[in-house]
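# Structure at a glance
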Amino acid sequence: MSTVHGRIRGRILLLQVSAVLAVLALWALIGAAGLVSATALPGPAAVAARFPELAGSGEYWQAVSDTLRGAVTGFGAAVVIGVPLGLVTGTYAAAEQSSRLLVDILRSFPVIALLPVFLLVLGSTPSMKATVVFIACVFPVFLQAQYGARGVTPTIRETAVSYRIPRLLRFRRVVLPSATPSIMTGLRLAATTSVLVAIGVEVLTTLPGIGHMVVQDQQGGASAEAYAYILTAGAIGYSINLLSQLAESRLLRWRPPAHTE
Amino acid sequence: MKRGSSLIVEDVRKSFGEGPDEHRVIDGLSLRVDPGEFVCVVGPSGAGKTTLLRCLSGLTRPTSGTVRYGDSPVTKPVADIAVVFQDYRGSLMPWLKVWDNVAFPLEGMGVKRTVRKRRAEECLAAVGLSPAEVGDKHPWQLSGGMQQRVAIARGLAYEAPVLLMDEPFGSVDAQSRFDLEDLTLSLRRQLGITVIVVTHDIDEAVYLGDRVIVLGGRPATVIDNLTIDLGTGRDQIGTRADPRFAELRTRVLTQIRGEKAPEQVPKAVI
Amino acid sequence: MFTGTLWKSLLKQLWLPVLVFAVLLVATAGSTSFYFPPLTRVLAALWTGLTGGGLVGDLLFSLRNIAFGLTLATVAGVGAGLVIGEVRLLRQATAPLLDFARATPTVAFVPVIILTLGIGSGPKVFLIFLGSVWPILLNTVSGVHGINPAVHETAHSYRIPWRLRLLKVVLPGALPQIFAGIRVALSVAVVLMVVSEIYGSPVGLGNFILQSGSSFKVADTWAGTILIGILGYALSVLLLAAEHLLLGWYHQRPTRARRALRPLRMRENRNEVLSP
C-alpha cells in the first residue's frame, strides 16, 4: 500500500521537476534566440550565477531584512487591530450592516495610491512604509474576521442559545473556533500582501529593501542581479504561503476532509 | 431526573411579516403535555410543526397567546427543556470532540471538567455509544446515526425533565431510525422524562407516542388529539403488525390527506 | 416597488458613510494645515481637473491600460486554466510552478520592464497582464477541479462532445470561482496600474498624483488619489454586476419573507484559493 502510494508521489514529483526544467529551458531558449534583449530578460544561467555571490554579501541579507521588517511590522499591527475589531463587528449584526458600505469602498482602494500623499505627510521613512503596509493588511484581516464571526451557522447559534450557554463562553467556544478558518485565510492573504506592498513602496521611493535593490541594479545595467532579487521575492512569497498552509492545517485539524484528489 | 411540570399552550398564534405581507403559520393552537407523557406532533410539511416546537422551547415568542411551563411563561430557553435539533450535522460543533459536545451544556452551567467528562461518558453510554471508542473523535468521523445519538446524549446531559425533538430521525437511514426510536422509548422509560417529538412520519408518531396530536389547516391548528392505546411495551415487529396500529395510522393519515386538495393527492398509474 | 423595508435597509447601510463624509467635510472646513486641506478644496480641485484640466485624459489612459491588461489576463488565464484544470497530469505537474509565479510580487518587475521597454502604454499593459493572470488562472484551475464529479460522469454517460462539454458544463461550473479570481486580479491590476504610472509615465492618474505630490499641489494630490479610489471601486461594482448577471443561478434568491432589495455589495474573498 505504501509503496504504491510512494510510487504515485514519486511520479508526481518527477512530473513537477520536469515542468520546472521545461520552463527553465524555454527561458534559456528565449534569451538565446535573441527574442528579447539580455537586459530585459537575462538567461537562467546568468541569474543563477549571481546567487552564490549575493548570498555571501551582507548587502543582500540587509535588503531582505529591510523588506521583511517593514512587512512584519505592518502585518503585526494589522492583526492586532483588525482581528478583534472584525470579530466584534461580526457578532453584532447592526454594526456590520452600518460599516459594510464604508468597508467595501475602503477595501477596494489601492493603498499604494496613497504613497504620494504619504510621502508628503510622513516623508520617506521606514515607519511610513510600515504604515502603508498596515493599511493594506488591516482590511483583509478585518473583513475575514468579521466574515468568520458572522459565519456561525444559525443552527449552532440556536443550539448554544437553547442550552443557555453564557455569552463569554459562547464567544470563546463557539464564535472564535468557528471564525478561525476565516481568520487564517485573512492572515494568509495579508501576509502575502505585506511583502508585496513593502516591495512596492521600496520600488517607488528610495527606502532600502529588495525593491530598492531591483531598481538600483536595473538602472546600473546589472539585470541578472535584479532578477536574482525578484526570484528572492518570489521565494519569500512562496515560503509565506507554504508556512501559512502548514499553520492552517495544524490549527484546523478538526475540519472534515474537503474534496480530495 | 427531577419531575417536571406540564407544558401548556394556550391559543397561540405565530405569524411572520406585517401588514399585507403577514403570513400566519399557526393560529388558535392549544395543547397540553403532562409530565412523563410521550407526545408526537404530526402534520404535513410546512404545517408549522417546527414553529410550534420553537415556541415551546423558547427560541421564538408567539405573536399572541401563551406558552407556559408550570406556572411561568416560556419566553426564552429554560433549564427544564432540552432541544434536539433536526440538523444534527449542523448542531454538533465540529471543532469540539464528541465528549466535549455532549458536555457543552454542563460547561455552560459552570460544571468542572472532570465532573462534566464523567457525565458526558454516562450519557454517551445511555444512548448506546461507547465513550472509549467515540469520545475523543470529532463529529464528522461518526456515521449519521451515531451523530444523532450524540445530539440526544447532549440533550440528556442537560438534565432536563422535558425533551423536545424536531424531526430527529428524518435524516437517518431507515434501519438506524428504528434503533433510535427504540432508544428514545427506553430512555423515557428509564429516566421518566417527558418527550415531545415533532415528525412528519405518521408510522413513527403512532409507534412512539402515548398521544398523537395532528396539526393541519392553514394557518395550522390542532385538528386531532388521539390517545394511542397500544400498550407500554412497544416493539418494531409486534407493534407495527398489530391491527390496531394500522387503524390508528389510517385515521391520522386520512386526516392529513384530507388537508390536501384532491388534485394534490397522487393517484397511482398502472 | 419601494417598501418600508427597502428604505430601512438602505438607511442602515448608508448612514455611516454619509455621516463620515459629513464629518470630514465639517472637520476639515477651516483647516489651515498644509497637508490636510479642506475637503471642499479637494473636491473643487477634482471638479476643475475633470471639467477642464487634463485629468480626464489621465483617467482614460489609466482606464484603457487596465481594461486591456485585465481582458488579456482573463482570456489567457481562463483559457489556460480550463486546459490545465481538465488534464489532471498537467495540473499536478504545474502546481508548484504556478504557486511560485503567483507568489512573486509583480511590482518587483516594474523597474525592469519599464527601464527596458519604455514608458508607453504597452509595457504597462504587459505588467498588468503579468500580475493579473495568475489569480485568474489558479482560480480557474481550482474551479474546474472543484466541479462535482457526478456532473462529469453525467456528461460522459450522455456522450456529450468535449467542445460542448467545455463550453456548457465546465466553464459555467467553474464560473463562480473564476469570478472570485477576477476580483482578486482587479485589485492587483489597480495596484500595478498605479505603481507603473508613478514609476515612469508621461500621463495617467499615477503620474498625475506623482507630479502633484512633488510640486506640493496638495489638494490636487488628494483629488487624484480619491479619483483612483473611485475608479477602483467603480470597476469592482461593474464586475459585481457582471457576476450577478451571469451567475444568477448560483446566488440564492431571497425568500418571500425577505423581500427587501439589497443594494449591490461586495462579497469577501471567501472563494479565493491561492493554490489548488
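For the structure given in this document, a descriptive report is provided here. Just so it is clear, the model here is predicted, and its values are computed rather than measured.

The number of helices and strands found in chain B is 10 helices and 10 strands. The buried share of chain B, taken over its 270 residues, is 42%. Looking at chain B alone, contacts between residues at least 24 apart form 68% of all its contacts between residues at least 6 apart.

All names here are of chain B. Read from one edge to the other, the open sheet built from 4 strands follows the order β2-β1-β4-β5, with strand pairing classed as antiparallel. Looking at the sheet topology across the chains shown, the edges are occupied by β2 (23–33) and β5 (72–73). Pairing between strand β1 (residues 7–16) and β2: 7 bridges, direction antiparallel. Bridged to Val12 within β2 is Leu29.

What follows is about the interface of chain A and chain C. On the chain C side, the residues contacting the 56 residues of chain A number 55 residues. Element by element, the count of residues in the side of chain A that touches chain C is highest for helix α8 (residues 167–204) of chain A, at 9 residues. Here the residues of the side of chain A that touches chain C sort into 35 nonpolar, 18 polar and 3 charged.

Now for the sheet that holds strand β8 (residues 194–199) of chain B. Residues and elements named next belong to chain B. The 6 strands lie next to each other as β6-β7-β8-β3-β9-β10, forming an open sheet whose pairing is mixed. Looking along the sheet, the strands with just one partner apiece sit at the ends: β6 (81–84) and β10 (221–227). Direction aside, the axes of adjacent strands within the sheet are offset by 20° on average. Each of β3 (38–42), β6, β7 (162–166), β8 and β9 (211–216) touches helix α1 (residues 49–57); the most contacted strand, β7, lies at about 155° to it.

To continue, consider unusual backbone geometry. That bond from Arg218 of chain B to Pro219 of chain B is cis: its omega, 0°, falls within 30 degrees of zero. Among the secondary structure elements, Pro219 of chain B is positioned in the loop between β9 and β10. Residue Arg164 of chain A is not a glycine yet carries a positive backbone phi of 55°. Turning to its location among the elements, Arg164 of chain A is positioned in the loop between α7 (154–162) and α8. By C-beta crowding, Arg164 of chain A is classed as partly exposed, having 16 other C-beta atoms within 10 Å. Located in the positive-phi region is Asp11 of chain B, a residue other than glycine, with phi close to 50°. Position of Asp11 of chain B among the secondary structure elements: in strand β1. Owing to 13 C-beta atoms within 10 Å, Asp11 of chain B belongs among the partly exposed residues under this scheme.

Because the α-helix completes a turn every 3.6 residues, residues three or four places apart line up on one side. Among the residues making up helix α5 (residues 115–122) of chain A, those that are buried are Leu115, Pro116 and Phe118 of chain A. Down the axis of α5 of chain A, the smallest arc covering the buried residues is 165°, so these residues share one side. Elements in contact with the buried residues of α5 of chain A: α6 (126–150) and α8 of chain A together with α8 (162–199), α9 (205–214) and α10 (218–246) of chain C. Of the residues flanking the end of α5 of chain A, it is Gly123 of chain A, one or two places downstream, whose phi is positive at about 75°.

Residues and elements named next belong to chain B. Within the secondary structure, Ala103 is located in helix α3 (residues 98–108). When the C-alpha positions of Ala103 and Leu253 are compared, they lie 39 Å apart, and in sequence the two are 150 residues distant. The contact partners of Ala103, leaving out residues within four places of it in the chain, are Arg116, Lys117, Arg119, Ala120 and Ala157.

Further remarks concern the interface of chain B and chain A. In this complex, chain B contributes 19 residues to the contact, which on the side of chain A involves 17 residues. Looking at the side of chain B that touches chain A, the elements that each hand over two or more residues are α2 (88–91) and α3 of chain B. Looking at which element gives the most residues to the side of chain B that touches chain A, the answer is α3 of chain B, with 4 residues. Across the side of chain B that touches chain A, the residue classes break down as 12 nonpolar, 5 polar and 2 charged.

Basis of the calculations
- Along each chain, residue indices are assigned from 1 in the same order as the chain's sequence is written.
- Lettering of chains starts at A and numbering of ligands starts at 1, both following the order in which they are written.
- With pLDDT at 70 or above as the cut-off, local features in this predicted model cover only qualifying residues; side-chain atom pairs require 80 or more to be listed or tallied, and sums for whole chains, interfaces and linings still use all residues.
- Helix numbering and strand numbering both begin at the N terminus, where a helix is a DSSP run of H or I of at least 4 residues and a strand a DSSP run of E of at least 2.
- The burial label depends on the number of other C-beta atoms within 10 Å of a residue's C-beta. Counts of 20 or more mean buried, 12 or fewer mean exposed, and intermediate counts mean partly exposed, with C-beta atoms placed from the backbone.
- Residues are defined as contacting one another if the C-beta atoms placed from their backbone atoms lie within 7 Å.
- If DSSP finds at least two bridges between two strands, the strands pair.
- Note on residue classes: Ala, Val, Leu, Ile, Met, Phe, Trp, Tyr, Cys and Pro are nonpolar, Asp, Glu, Lys and Arg are charged, and everything else, Gly too, is polar.
- Structural elements are reduced to axes, namely lines fitted to C-alpha atoms, with helices fitted over the stretch in contact, and the angle between N-to-C directions of any two is expressed from 0 to 180 degrees.
- Directions from the helix axis toward the C-beta atoms define the arc.

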